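# Geometric and topological summary
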Amino acid sequence: MKKINLLGYSLSDLEQLMLDMGEKKFRGGQLFKWLYRDHQTEFELMTDFSKELRQKLDEKFEFKSMQLLHSQTSEDGTIKFLFNLDDNLPVETVLIPDFGSERKTVCISSQVGCAVNCGFCATGKMGFSRDLTAGEIIGQLVYLREEFGLDAFSNVVMMGMGEPLANFDNVVKAVELMLAPTGMMLSRKKVTISTSGNSPKIKKLADTGLDICLAISLHAATQEKRVKIMPIAETFGIEKLMQAIRYYSEKSRTQVMFEYIIFDNFNDKMEDVHALAKLVRGLPCKINLLAYNPVEGLDFKRPSEEKMNWFGGQLSPRVPVVTVRKSRGRDIDAACGQLAAKQQLGRKLDV
Ligand code: SF4
């Protein structure tokens, strides 16, 4: 008989499971701690359960994270993992160490492919296959802790493959597992959801009270330009998007982060600096400027380093916080979706 994988089960799911097995509800809480806090996957070693209960659990259940297909390490220490899901679809996770500090950020995926189809993105070109389950989302973190220990990462960003807010229920369930005080115990300040701008879902996320950090993939500061590179802007215009962001910021009392990828000769002029500064006026926020990482087959070009610095210098006095971020893992296709896109195209990977 195939065992049931408990990966992704919440505290209340496990409490119900114990009740269904004729056990007391609190046993679910004990099992939750073993699995998500202590990363103990051998039921035999769960010493506060009777021998009989351990055997029963072992007969029916397992706790299995992800199956690794490939990993690649960049010259700058960034590691990219490509996992194989049960239905043989590829999904990727990127671990980005920050040298000179304790910070290690893991970028996880929420969908296989993506339906949003941003004009500059490798994942968008793959099309959409399916949502990840809560288990497959949290499984990326469980895998890293099993492999590299409890301090495998310090920060989590949902900025990998997919639009997290399009997979709302599974993403929220996974975030609850990350924040659970008897589970993975991550601080809400260390967990970020990044969205391409689904305004109603941003408000819905604010209403969950999870109060995690919100990042917006903005990339253009006017409706006219945004719609050229992000089709989602046709459905959710920039005005409504900014209203939703202000709602989120007030409700969660957090500083919103804007990601602004600079494409050579598209959104890198003085008029763009002014439009961006005007758009975020009065909002507690941080703007990350990133140079575009070219994707094979797409027309956008990478701006020069001088252009990046010039843009940052012009923007800096006009907005609360600006950082010009270095691209990481360029030698291993670490931009969103590039590795999985290659895998799906059946190309050989240099591992
Ligand atoms: S940038 Fe994000 S939202 Fe846009 S297509 Fe890529 S994965 Fe989807």
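Starting afresh in each chain, residues are numbered from 1 along the sequence in its written order. Under the rules for a predicted model, residues below a pLDDT of 70 receive no local features and side-chain atom pairs below 80 are neither given nor counted, while totals for whole chains, interfaces and linings still include all residues. The side-chain quantities take in all heavy atoms of the structure and omit both hydrogens and water.

## Here's the deal with the overall build of the protein chain
Of regular secondary structure, the protein chain possesses 13 helices and 14 strands. This radius of gyration counts C-alpha atoms alone. The globule rule is 2.2 Å times how many residues there are, raised to the power 0.38. Relative to the 2.2 N^0.38 estimate, which gives 20 Å for 351 residues, the radius of gyration of the protein chain is 21 Å and therefore close to what a compact globule would have. Pairs at least 24 apart in sequence give 66% of the contacts found in the protein chain among residues at least 6 apart. With residues, only the protein chains shown are counted as cover, and all accessible areas are computed by Shrake-Rupley using a 1.4 Å probe. Here the protein chain has roughly 16200 Å² of accessible surface; of this, 49% comes from carbon and sulfur atoms. Charge separation in the protein chain, taken as the distance between the mean sites of 47 positive and 45 negative side-chain charges, equals 5 Å. By the criteria applied, helices consist of DSSP H or I runs no shorter than four residues and strands consist of E runs no shorter than two, each listed in order from the N terminus. Any two residues having at least one pair of non-hydrogen atoms within 4.5 Å are treated as being in contact. Charge assignment in this entry is limited to Lys and Arg as positive and Asp and Glu as negative, and neither His nor the chain termini are counted. Where a charge lies is defined by one atom per residue type: Lys uses NZ, Arg uses CZ, Asp uses CG and Glu uses CD.

## Here's the deal with the nonpolar core
Think of a nonpolar core as a cluster: buried Ala, Val, Leu, Ile, Met, Phe, Trp, Tyr and Cys residues, connected wherever their side-chain atoms sit within 4.5 Å. The rule is simple: take the accessible area with a 1.4 Å probe, protein chains only, and divide by the maximum for that residue type; under 20% is buried, over 50% is exposed, in between is partly exposed. Among the nonpolar cores identified, the biggest contains 91 residues, and L31, L57, F153, M178, F258 and L315 are the most heavily contacted of them. Counting residues per element, this core draws most heavily on helix α6 (residues 168–179), at eight residues. Bear in mind that the domain bounds are from an automatic or database domain assignment. In terms of domain composition, this core takes at least three residues from each of domain 1 (4–62) and domain 2 (67–344). With near-sequence residues (within four places) excluded, F153 lies in contact with L95, K104, V106, L141, L144, R145, M184 and L186. Core analysis: the second largest hydrophobic core is formed by 18 residues, A122, F263, Y292 and L298 among them.

## Things to note about helix α1 (residues 11–20)
Think of an α-helix as 3.6 residues a turn; residues three or four steps apart then line up on the same face. Taken together, the buried positions of α1 are L14, E15, L17 and M18. Projected onto a plane normal to the axis of α1, the buried residues spread over an arc of 160° and lie on a single side. Looking at the packing, one finds that the buried side of α1 touches α2 (26–37), α3 (51–60) and β2 (61–62). Looking one or two places after α1, you find G22, whose phi comes out positive at around 80°. Within this analysis, the arc is defined by the directions that extend from the helix axis to the C-beta atoms.

## Some details on the site of the ligand
Distances are taken per atom, and a residue is near a molecule or strand as soon as one of its heavy atoms is within 4 Å of it. Around the ligand sit ten residues in total, of which C114, N117, C118, C121 and G162 are the nearest. Classification used: nonpolar for Ala, Val, Leu, Ile, Met, Phe, Trp, Tyr, Cys and Pro, charged for Asp, Glu, Lys and Arg, polar for all others including Gly. Residue classes in the shell around the ligand are distributed as five nonpolar, five polar and no charged.

## Focus: the domain arrangement of the protein chain
Under the domain assignment, the protein chain is made up of domain 1 (4–62) and domain 2 (67–344). In this structure, domain 1 and domain 2 have C-alpha centres spaced 34 Å apart. On the side of domain 2, 15 residues touch domain 1, which itself brings eleven residues to the contact. Contact between domain 1 and domain 2 buries roughly 1100 Å² in total, counting both sides, with carbon and sulfur atoms accounting for 73%. For this analysis, a salt bridge means a side-chain nitrogen from Lys or Arg found within 4 Å of a carboxyl oxygen belonging to Asp or Glu. Connecting domain 1 to domain 2 are one salt bridge. Notably, a salt bridge pairs D13 with K173, separated by 2.8 Å at the nearest N-O pair. In terms of residue count, the dominant contributor to the side of domain 1 that touches domain 2 is α2 (four residues). Residues belonging to the side of domain 1 that touches domain 2 are distributed by class as follows: four nonpolar, four polar and three charged. A quick way to say it: buried area is the sum, across both parts, of accessible area lost when two parts are put together, with a 1.4 Å probe.

## Let's talk about the pattern of salt bridges
Enumeration over the complete set of coordinates arrives at twelve salt bridges. Where K251 meets D207, a salt bridge forms, and the shortest distance between an N and an O atom there is 2.9 Å. Taken together, the residues span a long stretch of sequence, with K251 in helix α10 (residues 238–252) and D207 in helix α7 (residues 199–208) at a distance of 44 residues. Residues participating in the shared-partner salt-bridge network are D87, R130 and E136.

## Describing the sheet that holds strand β13 (residues 285–291)
At least two bridges found by DSSP between two strands are what make those strands a pair. A sheet is described by the order of its strands in space; here ten strands give the open sequence β3-β4-β5-β6-β9-β10-β11-β12-β13-β14, paired in mixed fashion. Strands with a single pairing partner mark the edges of an open sheet, and in this sheet they are β3 (67–73) and β14 (321–325). Recorded for the sheet is a direction-independent mean angle of 20° between the axes of neighbouring strands. Sheet analysis places strand β6 (residues 104–107) next to strand β9 (residues 155–158), joined by three bridges and oriented parallel. Looking at the pairing, C107 lines up with V157 of β9. Each axis is a line fitted through C-alpha atoms, taken for helices only over the stretch in contact, and angles between the N-to-C directions span 0 to 180 degrees.

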